[in-house]
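# Overview (structure and organization)
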Amino acid sequence: MRRHYGGWGFQMTRISEAYPPERFAEAMDEDGFVILVERDEQLLFDSSAAPIEPRLGDRVLCYVPPSVLEARIEKQRADKAAPAEQA
């Protein structure tokens, strides 16, 4: 509950050539963690006994701190503003 009240939240990320597993691993905050991976229409739940390494084509659900969520929101705002600036 402490993390929830601290502003943590869920984030879904698609692993692709544009956003490969290595970059995903770098972007994950040390405190953030993978909950599950959707791979080939299957849900794989991450655990300490059987950790999952995300790979190309996976969709990854993570629980992340507010700093990660805020960075994603800022990027989305910038992406939306970019087409308007080009016009």
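Residues numbered from 1 in each chain as written. Predicted model: local features only at pLDDT ≥ 70, side-chain atom pairs only at ≥ 80, totals over all residues. Heavy atoms only, no water.

## Looking at the overall build of the chain
The number of helices and strands found in the chain is three helices and four strands. For the chain, the α and β elements follow one another from N to C terminus as α-β-α-β-β-β-α. Within the chain, buried positions represent 28% of all 87 residues. Taking contacts inside the chain between residues at least 6 apart in sequence as the whole, the part at least 24 apart equals 67%. Carbon and sulfur atoms make up 52% of the accessible area of the chain, which amounts to about 6500 Å² in all. For the chain, the separation between the mean place of its 11 positive charges and that of its 16 negative charges on side chains is 5 Å. (Helix = DSSP H or I, 4+ residues; strand = E, 2+ residues; numbered from the N terminus. Buried < 20%, exposed > 50% of the residue type's maximum accessible area, 1.4 Å probe, protein only. Contact = heavy atoms within 4.5 Å. Areas by Shrake-Rupley, 256 points an atom, 1.4 Å probe, with all protein chains shown as cover. Lys, Arg positive; Asp, Glu negative; His and termini not counted. Charge placed at Lys NZ, Arg CZ, Asp CG, Glu CD.)

## So, the environment of proline 65
Relative to the helices and strands, proline 65 is located in the loop between β4 (59-64) and α3 (66-86). Sequence spacing of proline 65 and glycine 6 is 59 residues, and the spatial spacing of their C-alpha atoms is 7.9 Å.

## Some thoughts on the packing of aromatic side chains
Scanning all chains against the criterion turns up four aromatic pairs. With centroids separated by 6.4 Å and ring planes inclined at 40°, the aromatic side chains of tryptophan 8 and phenylalanine 33 adopt a geometry described as tilted. Here phenylalanine 33 lies in strand β2 (residues 33-39) and tryptophan 8 lies in the loop between α1 (2-5) and β1 (9-14), a separation of 25 residues in the sequence. The class of phenylalanine 33 is partly exposed, set by a relative accessible area of 33%. For the ring pair phenylalanine 10 and tyrosine 63, a centre distance of 4.9 Å and an interplane angle of 45° mean the geometry is tilted. Here the residue phenylalanine 10 occupies a position in strand β1, and tyrosine 63 occupies one in strand β4, the gap between them amounting to 53 residues. (Phe/Tyr/Trp six-rings, centres within 6.5 Å; stacked < 30°, edge-to-face > 60°.)

## Notes on the pairing of strand β3 (residues 42-45)
Where a strand is regular, its side chains alternate between the two sheet faces. Judged from the four bridges that link them, β2 and β3 form a sheet pairing that is antiparallel. When the sheet's bridge partners are listed, valine 37 is paired in β3 with leucine 44. Linking two consecutive strands that pair antiparallel, namely β2 and β3, is a turn of two residues; a positive phi of about 50° is found at aspartate 40 within it. (Pairing = 2+ DSSP bridges.)

From the geometry alone we can't say anything about function, so treat these as descriptive.
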